[in-house]
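# Summary of the model geometry
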Amino acid sequence: EKGGFPSFMEKEIFDQPAAVADTLLGRADAEGRLTLDELRIEPEKLAKITKIVVLACGTSAYAGSVAKYAIESWCRIPVEVELSHEFRYREPIVDKNTLIVSISQSGETMDTLMAVRYAKEQGAKTLSICNTNGSTIPRESDAVLYTHAGPEIAVASTKAFLAQITATYLLGLYLAQLRGNLFSGQIKDILADLAKIPAKIQDILDRSGEIKDLARSMAESKSVLFLGRHVGYPVAMEGALKLKEIAYIHAEGFAAGELKHGPIALIEEGQPVFVVVPSPRGRDSLHSKVVSNIQEVRARGAKTLVIAENGDSAVKDYSEWVFYVPETPTLLMPLLATVPLQIFACELATAKGYDVDQPRNLAKSVTVE
Ligand code: F6R
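What counts and what doesn't
- Residues numbered from 1 in each chain as written.
- Predicted model: local features only at pLDDT ≥ 70, side-chain atom pairs only at ≥ 80, totals over all residues.
- Heavy atoms only, no water.
- UniProt positions renumbered as here; feature names shortened; annotations may be inferred.
- Pairing = 2+ DSSP bridges.
- Helix = DSSP H or I, 4+ residues; strand = E, 2+ residues; numbered from the N terminus.
- Axes fitted to C-alpha atoms, helices over the stretch in contact; angles between N-to-C directions.
- Core = buried A, V, L, I, M, F, W, Y, C linked by side-chain atoms within 4.5 Å.
- Buried < 20%, exposed > 50% of the residue type's maximum accessible area, 1.4 Å probe, protein only.
- Contact = heavy atoms within 4.5 Å.
- 1 Å grid on protein atoms, 1.4 Å probe; cavity = no way out; pocket = protein on both sides within 12 Å on 5 of 7 lines; lining within 4 Å.
- Points joined across faces, edges and corners; volume = space filled by probe spheres on them.
- Nonpolar A, V, L, I, M, F, W, Y, C, P; charged D, E, K, R; others polar.
- Near = heavy atom within 4 Å.
- Polar contact = N/O pair within 3.5 Å; in protein donor to acceptor, adjacent residues only side chain to side chain.
- Sits in = over half its atoms within 2 Å of the grid points.
- pLDDT = per-residue confidence, 0-100.
- Parallel < 35°, antiparallel > 145°, perpendicular 65-115°, else oblique.
- Left-handed = near helix turned anticlockwise from the far one by under 90°.

The chain has the name Glutamine--fructose-6-phosphate aminotransferase [isomerizing] in an unreviewed UniProt entry, where Glutamicibacter uratoxydans is given as its organism. Quoted verbatim from the Catalytic activity (unreviewed entry) field of the UniProt record, the comment on the chain reads "D-fructose 6-phosphate + L-glutamine = D-glucosamine 6-phosphate + L-glutamate". According to the UniProt record, the Subunit (unreviewed entry) comment for the chain is "Homodimer."

So this is what it looks like as structure tokens:
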């Protein structure tokens, strides 16, 4: 059932082209208009939304953080992303024009379920992005958008994460269509870029050997840092979480802009630092800022491990190791840049002899608060 792979986690990483393709399937009509029939919230109500609050935990919350950049850019609706357990125990401000978007692979995470129930009591509309048909959170929500990643067996989430990002992007485009924030041609272009993602992920998977070699050579690392900006920031957080969870290595993700506000003090000779670099074809300042961050940590002795876009010639001189991902618009980059970090964690944990599918102290679905 592992399809010839040594672990479910590795199989699920390699399932990702299909997870994204299946989540995109059947969401638009022949004219390229998004349909999302399964949503069950009247379009008039969605058009009136003044704020979106994303509620989730762990990896699913990082999918929400990625979604914030895209939805705010496409729909001009403010998006807050909050950990379900933090939301639940303060006095959050939500009302009938707030759309709660919960994200959960299992649909059974108690923290998220309680937060959704609470928001519903306050009168908010609730939409569940979920990978498990008929599970509790979608059943209790006003609307549901299923990710079609297929069952995820390994405790550490991989394919569900990419499917969640894909689903939030469909939601963002649907809202932009409904509210007239984007022209239909713009929506079609973004959908066409999304449709190219599965083949680009496959290209990364085909070159996984480069990442695995690096991972095996780093099996003795005591700490690994991850830096990113913009959508690369949640990717960095996710890269760090994967490493903690399955390889039991201390890992931290930072917004690259925060470096000089503290974390740069951690850098000493030989400290491995992954840096997720945005496209040089995107907003110019963003790319050059991240390249300066690579130089800053390298000048202090860091071993810089860089994820950059094909054709980015600016990073080579400052990197110990570079992995190139195919070109894609900046907002879609997390769907590619996350994959090498997943492979890295999986291979490093395997090299240390750990059971990557069943990491210590963790359960696949956390049904207690
Ligand atoms: C990380 C991981 C967890 C889950 C979190 C939420 O690899 O698997 O952080 O993402 O427990 O779970 P769901 O999405 O089922 O609500």
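## As for the sheet that holds strand β9 (residues 303-309)
The strand order across the open sheet formed by five strands is β7-β6-β8-β9-β10, and the pairing between neighbours is parallel. Either end of the sheet is taken by a strand with one partner, and the two such strands are β7 (250-255) and β10 (321-325). Recorded for the sheet is a direction-independent mean angle of 15 degrees between the axes of neighbouring strands. Bridge analysis of strand β8 (residues 272-276) against β9 gives five bridges, and the strand direction is parallel. Its bridge partner lying in β9, valine 275 is registered against valine 306.

## Thoughts on the nonpolar core
Ile52, Trp74, Leu243 and Phe274 are the most contacted members of the largest nonpolar core, which totals 92 residues. If we ignore the near neighbours within four places in the chain, the residues touching leucine 243 are Val224, Phe226, Tyr248, Ile249, Ala251, Phe344, Ala345 and Leu348. Listed in part, the 19 residues of the second largest apolar core include Ile267, Val277, Val306 and Ala308.

## Some points on empty space enclosed by the protein
What the rule picks out here adds up to one cavity of 30 Å³ or more. The computed volume of the largest cavity comes to approximately 70 Å³. In terms of lining, the largest cavity is formed by Val277, Pro278, Ser279, Ile307, Ala308, Glu309, Val325, Pro326, Thr328, Thr330, Met333 and Ala337. If you tally residues by element for the lining of the largest cavity, the top one is β9, at three residues. Considering only residue class, the lining of the largest cavity consists of eight nonpolar, three polar and one charged.

## Concerning the site of the ligand
In the vicinity of the ligand, 13 residues are found, and the nearest of them are Ser60, Ser104, Gln105, Ser106 and Thr109. Here an oxygen atom of the ligand and a side-chain polar atom of serine 106 are 2.7 Å apart. With respect to the detected pockets, the ligand is housed in the largest pocket. Elements supplying a minimum of two residues to the shell around the ligand: α4 (58-75) and α12 (232-247).

## Things to note about the layout of surface pockets
Approximately 580 Å³ is the volume attributed to the largest pocket. Along the walls of the largest pocket sit 25 residues, with Cys57, Gly58, Thr59, Lys364 and Val366 positioned nearest its centre. At the level of elements, α4, β3 (98-104), α6 (110-121) and α12 are the ones that each hand at least two residues to the lining of the largest pocket. Considering each element in turn, the lining of the largest pocket owes the most residues, three residues, to α4. Considered class by class, the residues forming the lining of the largest pocket number nine nonpolar, 12 polar and four charged.

## Here's the deal with the confidence of the model for the chain
Across the chain, pLDDT averages 95, with 100% of residues at or above 70. Both scores are given for the predicted complex: the pTM is 0.97, the ipTM 0.99.

## Remarks on the environment of serine 102
Tracing the backbone through its elements, the reader meets serine 102 in strand β3. Classification of serine 102 by relative accessible area gives buried; the value is 1%. Setting aside its immediate chain neighbours within four residues, serine 102 contacts Leu55, Thr112, Val116, Leu127, Ser128, Ile129 and Ile137.

## Structural notes on the packing of helix α10 (residues 197-206) against helix α14 (residues 334-351)
Running from amino to carboxyl end, α10 crosses α14 at an angle of 30 degrees, the nearest separation of the two axes being 10 Å. With respect to each other, α10 and α14 are oriented roughly parallel. The handedness of the crossing between α10 and α14 is right-handed. On the side of α10, the interface is formed by Ile197, Lys200, Ile201, Ile204 and Leu205, while α14 contributes Leu335, Leu336, Val339, Pro340 and Ile343. Among the residues making up the contact of α10 with α14, the classes are represented as nine nonpolar, no polar and one charged.

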